Amino acid sequence: MDGPPTVTILLLGDPDCGKSTFLSRLSHGANSMRQQTTSLPPLRDLDQPFVWDIRMYNRSYRFEFSDTASPEHYTLLKPDFIVLCYDINDRRTLVNVQHVWFKRMVESYMKDRDDIPIMLLGLKRDLREEKPGVIYPQEGLKVAQDLRCDRYAECSATTGELMNEVIEDIARTAARTTTEAGALSNGGCTVM
């Protein structure tokens, strides 16, 4: 008997944009998604990929998350789903999503495959303040649409705000990559 389908999920984004905290929250399991905490365990890069087993649609799945600090050089990974990450409070990270991570990395993956769904994920939502340079949801969504991403979402891994909803959206999209229809949207970015 074969095991559950495995979906490789690659998180791309600048250092310190919140990817590791997001993965740390995920490693706590589903029960921790709504709990606020200031102390999430540090993750060791050597432990990648971070495996998350889930059951949904009456079927088991294995999601393997890797981020750009992966010990296996991330350009060698063959992702089934790409999550572009940026810090809501740091405009430079959103610019880099557009001009570094998307232009260089995503487009290189797309040379071989055009069926990889892409999500734009704003992190550190709890730190959003009324200040110059902060990125509001409508601007993040516009960038996602301009990049032709399939999904857009925001969350705070530290407080757990919208974490459950983002994980559900990632899980649904990742599960659809194992179907014949795939997980690409029909021409438009969907907001979580």
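None of these values were measured; they are calculated from a predicted model. (Residues numbered from 1 in each chain as written. Predicted model: local features only at pLDDT ≥ 70, side-chain atom pairs only at ≥ 80, totals over all residues. Heavy atoms only, no water.)

For the rest of this paragraph, the subject is the overall build of the protein. Counting secondary structure elements, the protein contains four helices and seven strands. Counted from the first residue to the last, the protein has its helices and strands arranged as β-α-β-β-β-α-β-α-β-α-β. Within the protein, residue pairs in contact and separated by at least 24 positions form 74% of the contacts whose partners lie at least 6 positions apart. Accessible surface for the protein amounts to roughly 9900 Å². Of this, 48% is attributable to carbon and sulfur atoms. (Helix = DSSP H or I, 4+ residues; strand = E, 2+ residues; numbered from the N terminus. Contact = heavy atoms within 4.5 Å. Areas by Shrake-Rupley, 256 points an atom, 1.4 Å probe, with all protein chains shown as cover.)

Right, let's talk about the pattern of salt bridges for a bit. Close approach of charged atoms allows side chains with opposite charge to pair. According to the stated counting rule, one finds eleven salt bridges in the structure shown. Measuring nitrogen to oxygen at the nearest pair gives 3.6 Å for the salt bridge that ties D14 to R92. In this pair, D14 is assigned in the loop between β1 (6–12) and α1 (19–27) and R92 in helix α2 (residues 91–110), connecting sequence segments 78 residues apart. Across the pair D87 and K124 runs a salt bridge, and its minimum N-O distance is 3.5 Å. Of this pair, D87 sits in strand β4 (residues 81–87) while K124 sits in the loop between β5 (118–123) and α3 (137–146), and the two are 37 residues apart along the sequence. By relative accessible area, which is 9% here, D87 ends up buried. A single salt-bridge network, built from bridges that share partners, covers R125, R128, E154 and E161. (Salt bridge = Lys/Arg side-chain N within 4 Å of Asp/Glu carboxyl O. Buried < 20%, exposed > 50% of the residue type's maximum accessible area, 1.4 Å probe, protein only.)

Attention now moves to the packing of α1 against helix α4 (residues 163–176). Where α1 contacts α4, the two axes come as close as 12 Å, and the packing angle between them is 85°. As summarised for this structure, α1 and α4 are arranged roughly perpendicular, according to the angle between their axes. Of α4, the residues touching α1 (which contributes F22, R25 and L26) are M163, V166, I167 and I170. Looking at the contact of α1 with α4 residue by residue, the class counts come to six nonpolar, no polar and one charged. (Axes fitted to C-alpha atoms, helices over the stretch in contact; angles between N-to-C directions. Parallel < 35°, antiparallel > 145°, perpendicular 65-115°, else oblique. Nonpolar A, V, L, I, M, F, W, Y, C, P; charged D, E, K, R; others polar.)

It is a general feature of regular strands that their side chains alternate between the two faces of the sheet. Where burial is concerned, most of β1 is hidden: six out of the seven residues are buried. Note that β1 and strand β3 (residues 59–67) share six bridges and pair parallel. Residue pairing for β3: V7 is matched across the bridge by F63. Strand direction decides the pairing type here: β1 and β4, joined by four bridges, are parallel. Looking at β4, one finds that L11 is bridged to V83. (Pairing = 2+ DSSP bridges.)

On to the packing of aromatic side chains. The tally for this structure, following the rule as stated, stands at two aromatic pairs. Between W52 and F63, the ring centres sit 6.3 Å apart and the planes meet at 40°, which makes this aromatic pair tilted. Pair noted here: W52 is in strand β2 (residues 50–56) and F63 is in strand β3, with a separation of eleven residues, a long-range link. The buried category is assigned to W52, whose relative accessible area is 13%. On the numbers, 6.1 Å between centres and 25° between planes, the contact of Y61 with F63 is stacked. Given the relative accessible area of 4%, Y61 is considered buried. F63 gets classed as buried once you look at its relative accessible area, which sits at 0%. (Phe/Tyr/Trp six-rings, centres within 6.5 Å; stacked < 30°, edge-to-face > 60°.)

Right, let's talk about α3 for a bit. Of the residues making up α3, those classed as buried are G140, V143 and A144. With its buried residues spanning 100° around the axis, α3 presents them on a single face. Buried residues belonging to α3 abut β4, α2, β5 and β6 (151–154). Phi for R148, located one or two positions after α3, is positive at around 65°. (Arc of directions from axis to C-beta.)

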